[in-house]
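Structural description and commentary
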Amino acid sequence: MMDFFMHYLKKIKLSIFFAIWMSLFFSSSIIAADNSLIIKTAEINKQFEAYFLNAEFELFFNDDLDEAIRKGIPINFIIEFELKKPRKYWFDEEVTKKTKEIVLSYHALSKQFILSESENRLVAFDNLTQAKNELKKIKNWRIFDKSQIDDTDKYSAYLQVKLDQTKLPKQLQVDITSNQEWQLASKQFQWIFINNK
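Conventions adopted
- Residues numbered from 1 in each chain as written.
- Predicted model: local features only at pLDDT ≥ 70, side-chain atom pairs only at ≥ 80, totals over all residues.
- Heavy atoms only, no water.
- Buried < 20%, exposed > 50% of the residue type's maximum accessible area, 1.4 Å probe, protein only.
- Helix = DSSP H or I, 4+ residues; strand = E, 2+ residues; numbered from the N terminus.
- Pairing = 2+ DSSP bridges.
- pLDDT = per-residue confidence, 0-100.
- Contact = heavy atoms within 4.5 Å.
- Axes fitted to C-alpha atoms, helices over the stretch in contact; angles between N-to-C directions.
- Salt bridge = Lys/Arg side-chain N within 4 Å of Asp/Glu carboxyl O.

Before going further, it helps to spend a moment on the pairing of strand β3 (residues 75-85). Burial analysis of β3 places eight of its eleven residues in the buried class, which makes it a mostly covered element. With eleven bridges joining them, β3 and strand β4 (residues 93-107) adopt antiparallel strand pairing. Within β4, the residue paired with Ile75 across the bridge is Leu104. Relative to strand β8 (residues 154-163), β3 runs antiparallel, the two sharing eight bridges. By the bridge assignment, Ile78 is partnered in β8 with Lys162.

Following this line, the structure appears as structure tokens:
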């Protein structure tokens, strides 16, 4: 009788553990679906003596982030690109490292959503959906010149996009420190750049 009771108790414990694990899994999946940033594609194209980056990424905001933008809080994104030359017996050599900032904000007087870049490019949109769709694309970003690379056939390229929390209002920075829904950053996207000499 005691053996049967112990066996039954173990089954209950396993059921409870499985139920807790499943609830944690699904809750984390919901958070990821609410707020996520995933780089889908990235490529480098040559134009005369310079090289330009084009990329696309998926970007989902939760309601809190949407509401913050509509209330006039600027949301800053940092795009980081790095090109490295592989070396056999040492760490890869850094060829170039570039950073670009894009700010998404709302202009109350014109009732438009503004995307501004660190290169002083500024575009206005009538609604937030249009602005976010444009934000998901990197177009013709000049990242290095021909003079910066040599005859190496293959280079390693890296790209990452993330929300810059340091540019948010101080009080909001404190409030979101432990809030996973504001931890908006892509994983580092890596690919091989073929040097077509």
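Don't stop here, the text continues.
Let us look at the confidence of the model for the protein. Taken residue by residue, the protein gives an average pLDDT of 80. The fraction at 70 or more is 75%. Scored below 50 in pLDDT, residues 2-34 makes six contacts in the model with residues more than four places away or belonging to other chains.

Our next topic: the sheet that holds strand β7 (residues 137-145). The three strands are arranged β1-β2-β7 in an open sheet whose pairing can be described as antiparallel. On the outer flanks of this sheet lie β1 (36-47) and β7, each paired with one strand and no other. The sheet shows a mean angle of 25° between the axes of neighbouring strands, taken without regard to direction. Across the face of the sheet, helix α3 (residues 128-135) comes into contact with β2 (50-60) and β7 while running at roughly 30° to β7.

Next up on the list: unusual backbone geometry. One non-glycine residue, Phe48, lies in positive phi territory at about 60°. Even without being a glycine, Lys111 presents a positive backbone phi close to 55°. Within the secondary structure, Lys111 sits in the loop between β4 and β5 (112-117).

As a further point, take the pattern of salt bridges. When the charged atoms of two side chains lie near each other, side chains of opposite charge can form a pair. Counting across every chain of the model gives nine salt bridges. Across the pair Lys162 and Glu80 runs a salt bridge whose closest N-O atoms are separated by 3.7 Å. Here Lys162, found in strand β8, pairs with Glu80, found in strand β3; they are 82 residues apart in sequence, far enough to count as distant. The exposure class assigned to Glu80 is partly exposed, which follows from its relative accessible area of 25%. The closest approach of N and O atoms between Glu117 and Lys100, which form a salt bridge, is 3.1 Å.

Of note, Glu82 is situated in strand β3. Those residues in contact with Glu82, other than ones at most four positions away along the chain, are Glu94, Thr96, Lys97, Ser156, Ala157 and Tyr158.

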